[in-house]
Amino acid sequence: MIATLRYGIQEAAQTSLAEAGANTTVAQAIAELLRSSQDFQLNDQVQAALEDPLSIIEIRSGNQVQTVNPEVPLRELISPEAGQLEITINQPHVGG
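Remember, predicted model here, so these are calculated numbers, not experimental data.

Would you mind going over the overall build of the protein chain with me for this structure?
When its secondary structure is counted, the protein chain shows two helices and five strands. Taken from the N to the C terminus, the helices and strands of the protein chain come in the order β-β-α-α-β-β-β. Sorting the 96 residues of the protein chain into buried and exposed places 36% on the buried side. Sequence separation of 24 or more characterises 61% of the internal contacts of the protein chain that already satisfy a separation of 6 or more. With an accessible surface of roughly 5,800 Å², the protein chain has 48% of that area assigned to carbon and sulfur atoms.

Right under this line is the structure:
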């Protein structure tokens with residue numbers, strides 16, 4: 001399955017998650033995606049966002065979009081017929 005990781009509107013990484021097992025969490029999938037990225041500044045921003053409890057993580061699989069936390073198993077979120085997975089991490093901005 002092809003997976004894309006976005007930080008806000010920026011594409012942080014895109015690769016195949018072929019090694020994603022039954023117990024792989026969202027945080028583990030994000031870590032695997034970050035290993036394929038060469039943008040170290042963006043990687044640091046994503047890692048900081050994952051540690052921020054106010055950050056929002058959205059998973060898009062097929063036509064379904066869900067807000068999740070990093071500990072959720074990926075298998076609960078993936079639609080079997082979807083060929084792609086998109087993970088988006090957003091942080092709230094000060095002042096709205």
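Moving on from the coordinates now.
I tried to follow the pattern of salt bridges on my own but got confused; where do I start?
Two side chains carrying opposite charge are able to pair once their charged atoms lie near each other. For the structure on display, the rule yields three salt bridges. With a closest N to O distance of 3.7 Å, R6 and E86 form a salt bridge. Taken together, the positions of R6 in strand 1 (residues 2-7) and E86 in strand 5 (residues 84-90) put the pair 80 residues apart, joining distant regions of the chain. Given the relative accessible area of 23%, R6 is considered partly exposed. Judged by relative accessible area, which is 22%, E86 ranks as partly exposed. Note that E76 and R75 form a salt bridge whose closest N and O atoms lie 3.7 Å from each other. Since its relative accessible area comes to 54%, E76 is described here as exposed.

Please explain helix 1 (residues 26-35) as it appears in this structure.
For an α-helix the count is 3.6 residues per turn, leaving residues at separations of three or four pointing the same way. For helix 1, every residue scored as buried is listed here: V26, A29, I30, E32, L33 and L34. Buried positions along helix 1 lie against strand 1, strand 2 (10-16), helix 2 (40-51), strand 3 (56-61), strand 4 (64-68) and strand 5.

I'm lost on helix 2 in this one. Help?
The first and last C-alpha atoms of helix 2 sit 17 Å apart over 12 residues, in line with the 16 Å expected at 1.5 Å per residue. Of all the positions in helix 2, only L42, N43, V46 and A49 are classed as buried. In a view along the axis of helix 2, the buried residues occupy a sector of 125°, so they form one face of it. Along helix 2, exposed side chains directed more than 90 degrees from the buried face belong to F40, Q41, D44 and E51.

Looking at this structure, I do not really get the pairing of strand 3. What am I missing?
For a regular strand, side chains alternate in direction, first toward one face of the sheet and then toward the other. Of the two faces of strand 3, the one holding I57, I59 and S61 is buried and the one holding I56, E58 and R60 is not buried anywhere. When strand 3 meets strand 5, the two strands line up antiparallel, connected through six bridges. Bridge assignment links I56 to a residue of strand 5, and that residue is N90. In the sheet, strand 3 pairs with strand 4 via five bridges, with the strands oriented antiparallel. Its bridge partner lying in strand 4, I59 is registered against Q66. Linking strand 3 back to strand 4 in an antiparallel pair, the connection comprises two residues, with G62 at a positive phi of about 65°.

Criteria and thresholds
Residues numbered from 1 in each chain as written. Predicted model: local features only at pLDDT ≥ 70, side-chain atom pairs only at ≥ 80, totals over all residues. Heavy atoms only, no water. Helix = DSSP H or I, 4+ residues; strand = E, 2+ residues; numbered from the N terminus. Buried < 20%, exposed > 50% of the residue type's maximum accessible area, 1.4 Å probe, protein only. Contact = heavy atoms within 4.5 Å. Areas by Shrake-Rupley, 256 points an atom, 1.4 Å probe, with all protein chains shown as cover. Salt bridge = Lys/Arg side-chain N within 4 Å of Asp/Glu carboxyl O. Expected span 1.5 Å × (residues − 1). Arc of directions from axis to C-beta. Pairing = 2+ DSSP bridges.

Read these as geometric descriptors, not functional statements.
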